[in-house]
Amino acid sequence: MDAYGGHGTQDGGAEVPRPDPAPRPGPGGAAPADAAPVTEEAPTAPAEAPPSPPRTGVAALSPRYQIGAAVALAVVAVAVCVHIGMVFLHVAPSNTVTKAHGEAIDEWIYPEFEQNWKLFAPNPLQQNIAVEVRAEVRTADGETRTTGWYDLSAEDGRAIDGNPLPSHTQQNELRRAFDFFTNTHNADGRPVGVRGTLSETYLRRIVLLRLDRDGAAGPGGDVRRIQVRSRSTAVPPPSWSRERVSLKPVYRTMPWWDVPAAGNTTQARAAAAGGAR
Amino acid sequence: MNRFSLTLSTAIARVTEAARAPYQSAVIRIGFATTWLLFLLREFPHRAELYGPDGPWSWDLAQQLLGMNHAFTVLMWSDSRMWFETVYALAVAAAALLALGWRTRTASVLFMVGVLSLQNRSVFMGDGGDNVLHLMSVYLVFTRCGQVWSLDARRARRRDAARARGELAVDRVGPALWAASGVVLVAATALGRFDGQEWLVPSLLWAAWAAQAAWWLAGRFRRSPQPRILLDVITNMLHNGALLVIMAEACLIYATAGWYKIQGSRWQDGTAVYYPLHLDYFSPWPALGDLLAASGIMVMLVTYGTVAAQVAFPFTLFNRRVKNVLLAMMMVEHAAIAVVLGLPFFSLAMIAADAVFLPTPFLRRLGSLAARAAGRVSGRPGTARVPGPRAPQPAEQPQVGSPM
């Protein structure tokens, strides 16, 4: 609170701000009652101003209204304390209290107060995870061919390079989608729960959008199937470090996914519900 | 015991008689609203891909996820492109109006609706910066953040001046806004648009709307000024409580970020900062990263310094001077993160959150500098167009940020 020290010194005694207690004929909820028109005593030296009784705050209320104010104060105080406590428990590590009352905490926090501040913690990510994709396309003259691998993360990286204002579409979209995907799939690449299915559809739609932009299918062609893989490469240790880390990329390859008929991105929406496996 | 009750009554007086920290609440209002505004403008070319009905996170996918988490968004009211464009435009307008402090309370509610609607529609597009804005947009609704540096404050000054001249100022915009939001609220509720969403945000919207009506009615109640004073007292309590929550939230952000880092081996061995600088997604200026990472000692100092500052920050609030030093450090570090890690909007949001701890004299100096600069730009020295800081008394008068 000492952040406001400079301010706190100014509101004692006669300078206490006061609303005009007189009812206002002024219309409009938007025109809340204003200040007492500046009277002569206000701007002059506070020392000379007689200590007038405060006309705001609970002291200005009659006992009956003071009860109302007390109740309101209690409600606000409790709500503030509970909220801060709940947010604390939400961001704290799993502990005795969260184990016992996890449900109540989640009930309070979700959906609007969810938060995660483990920024680069406990350890920063130490590998670059690139998402790559290749497609099986049916060309305009009816041939089927498989494209090479497109490194979509490298495309993002190039878009971010030298960019003072990277877009969320470049920095977050694919990166977080793939995070979501890996978090909702088990080691064999099978989706876990509804979120698993959602994440797969999401990733497929991003990938199709990107392939479309890259013109992967060629003029008049059509993407029939896609295959996604991730390539994880460790960040080489700093030059001054004696650590040795394998810089060989590790690949994780997903199975081929069918693209629903006319699988361009605008129509892929219809397929959102239907799994492509 | 006597001392205790004295302290208690002083404390109660403090939280009920005025909406504290007018400059701090104004600076965070401007900070968060501007951050979101700049973000929306920057993403304007990408808006459909991020939040549009046909984006990769399609309307149907969002529908399924929202069916599970019940988060608030008006974007699911329709899957038409037109509706999406309207909401995006309204979100931009609300952010601009909140930054300017035009009908601050209403603007803050609309700002919250805009932030929550877009972010909850596509949760996987956001990052830490979005998360900060999400929380703060809700907290801001409870504050009287338009007491200074706002069009509302200017309007109040002009109205007072008019009244002093004996003119009657009639406000038509306020009631019109209130009526319009009432129509929207009634329609949305009657059409079941809030069904399936968690009760919190819809009831907050209704409460804000009802509070404005109550405030207006209490002002017209001629028999006694008491109802109006009571509402004023409650509004002050809410403001002060929300401000405390905002400060606690900022502390929790730093505490979490710091304490979890302590447990990481890379933060312990002093190399942690090196790694994000070499991630493809967070290195817009690879040469800059290499330069910063060239010296092992340098990296270790920054690594340890970051953890120490984050862990220490909440505790430094007990000492004004140390707090101010650390605050300056945090702001500089966030400014650096904006450039080096390519996270400008996250950094802006964090700087705005930090600003709640800035000392009042500093903010007032900043305000008069800004007013003077604005006066110079407009070529009318002395007649600042930007509402400058006001004397302490009017600044604390509870009118401007009150309901609506």
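Throughout what follows, the structure given in this document is the object of discussion.

Rules and cut-offs
- Residues numbered from 1 in each chain as written.
- Chains lettered and ligands numbered in written order.
- Predicted model: local features only at pLDDT ≥ 70, side-chain atom pairs only at ≥ 80, totals over all residues.
- Heavy atoms only, no water.
- Axes fitted to C-alpha atoms, helices over the stretch in contact; angles between N-to-C directions.
- Helix = DSSP H or I, 4+ residues; strand = E, 2+ residues; numbered from the N terminus.
- Parallel < 35°, antiparallel > 145°, perpendicular 65-115°, else oblique.
- Left-handed = near helix turned anticlockwise from the far one by under 90°.
- Contact = heavy atoms within 4.5 Å.
- Nonpolar A, V, L, I, M, F, W, Y, C, P; charged D, E, K, R; others polar.
- Buried area = accessible area lost by both parts, 1.4 Å probe.
- Salt bridge = Lys/Arg side-chain N within 4 Å of Asp/Glu carboxyl O.
- Core = buried A, V, L, I, M, F, W, Y, C linked by side-chain atoms within 4.5 Å.
- Buried < 20%, exposed > 50% of the residue type's maximum accessible area, 1.4 Å probe, protein only.
- Domains from an automatic or database assignment.
- Patch = residues over 30% accessible without salt bridge, like charges linked within 9 Å, V, L, I, M, F, W, Y side chains within 5 Å.
- Areas by Shrake-Rupley, 256 points an atom, 1.4 Å probe, with all protein chains shown as cover.
- Phe/Tyr/Trp six-rings, centres within 6.5 Å; stacked < 30°, edge-to-face > 60°.
- Lys NZ or Arg CZ within 6 Å of the ring centre and 35° of its normal.
- 1 Å grid on protein atoms, 1.4 Å probe; cavity = no way out; pocket = protein on both sides within 12 Å on 5 of 7 lines; lining within 4 Å.
- Points joined across faces, edges and corners; volume = space filled by probe spheres on them.

1. Topic: the packing of helix α2 (residues 22-42) of chain B against helix α6 (residues 104-121) of chain B
Residue and element names in this part refer to chain B. Between α2 and α6, the least distance of the axes is 12 Å, while the angle of their chain directions is 45°. As summarised for this structure, α2 and α6 are arranged oblique, according to the angle between their axes. Every pair of crossing elements has a handedness; the one defined by α2 and α6 is left-handed. Contacts between α2 and α6 involve Arg29, Phe32, Ala33, Trp36 and Leu40 from the former and Thr104, Phe111, Gly114, Val115, Leu118 and Gln119 from the latter. Residue composition of the contact of α2 with α6, grouped by class: seven nonpolar, three polar and one charged.

2. Looking at the interface of chain B and chain A
Tallying the contact residues gives 142 residues for chain B and 114 residues for chain A. Both faces combined, the contact of chain B with chain A buries some 10900 Å², and carbon together with sulfur accounts for 62% of it. If you sort the residues of chain B by the area they bury against chain A, B:Phe124, B:Tyr260 and B:Tyr281 come out on top, with a joint share of 8%. At the surface where chain B touches chain A, the tally comes to two salt bridges. Of the charged contacts, one joins B:Arg266 and A:Glu243 as a salt bridge, the two residues approaching to 2.7 Å between their closest N and O atoms. Per-class residue counts for the side of chain B that touches chain A are 78 nonpolar, 34 polar and 30 charged.

3. Some points on the nonpolar core
In terms of nonpolar packing, the biggest core is built from 151 residues, with A:Ile226 and B:Trp36 touching the most fellow members. Shared between two domains, this core takes at least three residues from each, and those domains are domain 1 (49-123) and domain 2 (127-271) of chain A. Look past the residues within four positions of B:Trp36 in its chain and what remains in contact with it is B:Ala91, B:Ala95, B:Phe111, B:Gly114, B:Val115, B:Leu118, B:Gln119, B:Asp130 and B:Leu133.

4. A few points about the pattern of salt bridges
Following the criterion strictly, the structure yields 16 salt bridges over all chains and no others. B:Arg155 is paired through a salt bridge with B:Asp152; the nearest N and O atoms lie 3.0 Å apart. With a gap of three residues between them, B:Arg155 and B:Asp152 both fall in helix α8 (residues 151-164), about one helical turn apart. Linked through salt bridges whose partners overlap, the residues forming this network are A:Glu132, A:Asp151, A:Arg229 and A:Arg231.

5. So, a nonpolar patch on the surface
Residues and elements named next belong to chain B. On the surface, Trp285, Leu288, Leu291, Leu292 and Val339 cluster together into a nonpolar patch covering about 430 Å² of accessible area. Ranked by residues supplied to the nonpolar patch, first place goes to helix α13 (residues 286-292) with three residues. Among the residues examined, Val339 registers a relative accessible area of 44% and is labelled partly exposed.

6. Digging into the packing of aromatic side chains
Overall, the coordinates contain 23 aromatic pairs over all chains when judged by the stated rule. Each ring, one from B:Phe84 and one from B:Tyr88, has its centre 6.1 Å from the other, and the planes form 55°; the classification is tilted. In this pair, B:Phe84 and B:Tyr88 are both assigned in helix α5 (residues 81-100), four residues apart and thus about one turn of the helix distant. Residue B:Phe84 shares its accessibility class with B:Tyr88, and that shared class is buried. Taken together, A:Phe180, A:Tyr202, B:Trp57 and B:Phe124 form an aromatic cluster joined through their ring pairs. Note that A:Arg229 overlies the ring of A:Trp149, its terminal NZ or CZ placed 4.0 Å from the centroid. If you follow B:Lys261 out to its NZ or CZ, it ends over the ring of B:Trp267, 5.1 Å from the centre.

7. A few points about the layout of surface pockets
Within this model, the second largest pocket holds a volume of roughly 1100 Å³. In terms of lining residues, the second largest pocket is bounded by 36 residues, among which A:Ala79, B:Phe142, B:Leu200, B:Leu204 and B:Leu238 are the most central. When residues of the lining of the second largest pocket are traced back to their parent elements, those giving at least two are α2 (63-91) and α3 (96-109) of chain A together with α7 (128-140), α10 (200-220) and α11 (226-262) of chain B. Ranked by residue count, the leading element in the lining of the second largest pocket is α10(B), at nine residues. For the lining of the second largest pocket, the residue count by class is 27 nonpolar, five polar and four charged.

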